[in-house]
Amino acid sequence: DISIDEAEQFLREGLRGNPGDPQLLFDLGRMYSDQRHDPIRARNLWEAGLRNLETLPDKDKDEHKFIAEQLLAALAKLEEQANRPEQAIAHLERLKALSPQPDAIQKWIEDVKAKRNR
């Protein structure tokens, strides 16, 4: 069985070889969120992944649409858990524009707004 430290080392080695790779940043952020319970570091990694996606040429953005969706959904969930509904909604609005299921994302937005207004 691989330890969390070994997994982190593996992902960081991958990032050394592929600086700024959005998938590796997503996976590393997920490890910080789920295993290390460090939402601030997870947020920083996921935001870096999004920034790196935004710098890609338009022709490459379609290839990376799924990872963009994963990053936005992870950030939205993190912000919702941190009781930062405005930030969660901003990520969800961006996600809705990419998602093959915009109605489901709209429902999520409405749920966040309803919780905010309680």
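The rules we used
- Numbering of residues begins from 1 in every chain and follows the order in which that chain's sequence is written.
- In view of the model being predicted, local features appear only for residues whose pLDDT reaches at least 70, and side-chain atom pairs are presented and counted only at 80 or more, with totals across whole chains, interfaces and linings using the full set of residues.
- To obtain the side-chain values, all non-hydrogen atoms of the structure were included, while hydrogens and water were left out.
- Only runs of H or I of at least four residues qualify as helices and only runs of E of at least two qualify as strands under DSSP, and these elements are numbered from the N terminus.
- Residue contacts follow a heavy-atom distance rule, with two residues in contact if any of their heavy atoms lie within 4.5 Å.
- Throughout, an axis means a line fitted to C-alpha atoms (over the contacting stretch in the case of helices), and angles, computed between N-to-C directions, take values from 0 to 180 degrees.
- Oblique is the label for any angle not under 35 degrees, not over 145, and not in the 65 to 115 range, which are roughly parallel, roughly antiparallel and roughly perpendicular in turn.
- Left-handed describes a crossing in which the near helix is turned anticlockwise from the far one by less than a right angle; the clockwise case is right-handed.
- As a working rule, the residues Ala, Val, Leu, Ile, Met, Phe, Trp, Tyr, Cys and Pro are called nonpolar, Asp, Glu, Lys and Arg charged, and the rest polar, with Gly in that last group.
- Here, the term nonpolar core denotes a set of buried Ala, Val, Leu, Ile, Met, Phe, Trp, Tyr and Cys residues that are joined through side-chain atoms within 4.5 Å.
- In this scheme, a residue with accessible area under 20% of its type's maximum is buried, one over 50% is exposed, and one in between is partly exposed, where area comes from a 1.4 Å probe on protein chains only.
- Helix span, expected: 1.5 Å multiplied by one less than the number of residues in the helix.
- Criterion for a salt bridge: a side-chain nitrogen of Lys or Arg within 4 Å of a carboxyl oxygen of Asp or Glu.

A.B. asks: Looking at this structure, I do not really get the environment of Leu95. What am I missing?
C.D. replies: Mapped onto the elements of the fold, Leu95 is located in helix 6 (residues 85–98). C-alpha of Leu95 to C-alpha of Ala68: the two residues are 27 residues apart in sequence and 8.0 Å apart in space. With near-sequence residues (within four places) excluded, Leu95 lies in contact with Glu69, Leu72, Ala73, Ile105 and Trp108.

A.B. asks: Could you clarify how one ought to interpret the packing of helix 2 (residues 22–34) against helix 3 (residues 39–54) in this entry?
C.D. replies: The description of two helices packed together rests on the angle between their axes and the distance between the axes. In contact at an axis separation of 8 Å, helix 2 and helix 3 are set at 165 degrees when each is read in the N-to-C sense. Between helix 2 and helix 3, the angle falls in the class roughly antiparallel. Between helix 2 and helix 3 lies a crossing whose hand is left-handed. Residue-level inspection shows Pro22, Leu25, Phe26, Leu28, Gly29, Arg30, Tyr32 and Ser33 of helix 2 in contact with helix 3, the latter providing Arg41, Ala42, Leu45, Trp46, Ala48, Gly49, Asn52 and Leu53. Partitioned by chemical class, the residues of the contact of helix 2 with helix 3 number 10 nonpolar, four polar and two charged.

A.B. asks: Looking at this model, I keep getting lost on the nonpolar core. Mind explaining?
C.D. replies: In summary, soluble globular proteins display a tendency toward joint burial of nonpolar side chains. Judged by nonpolar contacts, the single largest core of 29 residues is most densely connected at Leu28, Trp46, Leu71 and Leu92. Of all the elements in the fold, those that place two or more residues in this core are helix 1 (4–17), helix 2, helix 3, helix 5 (65–81), helix 6 and helix 7 (102–116). Residue contributions to this core peak at eight residues, all from helix 5. If we skip the residues at most four places from it in the chain, Leu71 touches Pro22, Phe26, Trp46, Gly49, Leu50 and Leu53.

A.B. asks: What exactly am I supposed to notice about helix 5 here?
C.D. replies: For an α-helix the count is 3.6 residues per turn, leaving residues at separations of three or four pointing the same way. Across its 17 residues, helix 5 extends 24 Å between first and last C-alpha, which sits within 8% of the 24 Å expected from 1.5 Å per residue. The complete set of buried residues in helix 5 reads Ile67, Ala68, Glu69, Gln70, Leu71, Leu72, Ala74, Leu75, Ala76, Leu78 and Glu79. Against the buried residues of helix 5 lie helix 2, helix 3, helix 6 and helix 7. Looking one or two residues beyond helix 5, the residue adopting positive phi is Asn83, at roughly 60 degrees.

A.B. asks: What should I look at first to understand the pattern of salt bridges in this one?
C.D. replies: Once the charged atoms of two side chains with opposite charge are near each other, the side chains can pair. All told, the structure shown has 12 salt bridges when counted by the stated rule. Across the pair Asp5 and Arg36 runs a salt bridge, and its minimum N-O distance is 2.6 Å. Of this pair, Asp5 sits in helix 1 while Arg36 sits in the loop between helix 2 and helix 3, and the two are 31 residues apart along the sequence. Residue Asp5 is classed as exposed on the basis of its relative accessible area of 52%. The residue Glu79 makes a salt bridge to Arg84 at a minimum N-O spacing of 2.6 Å. For Arg84, a relative accessible area of 31% gives the class partly exposed.

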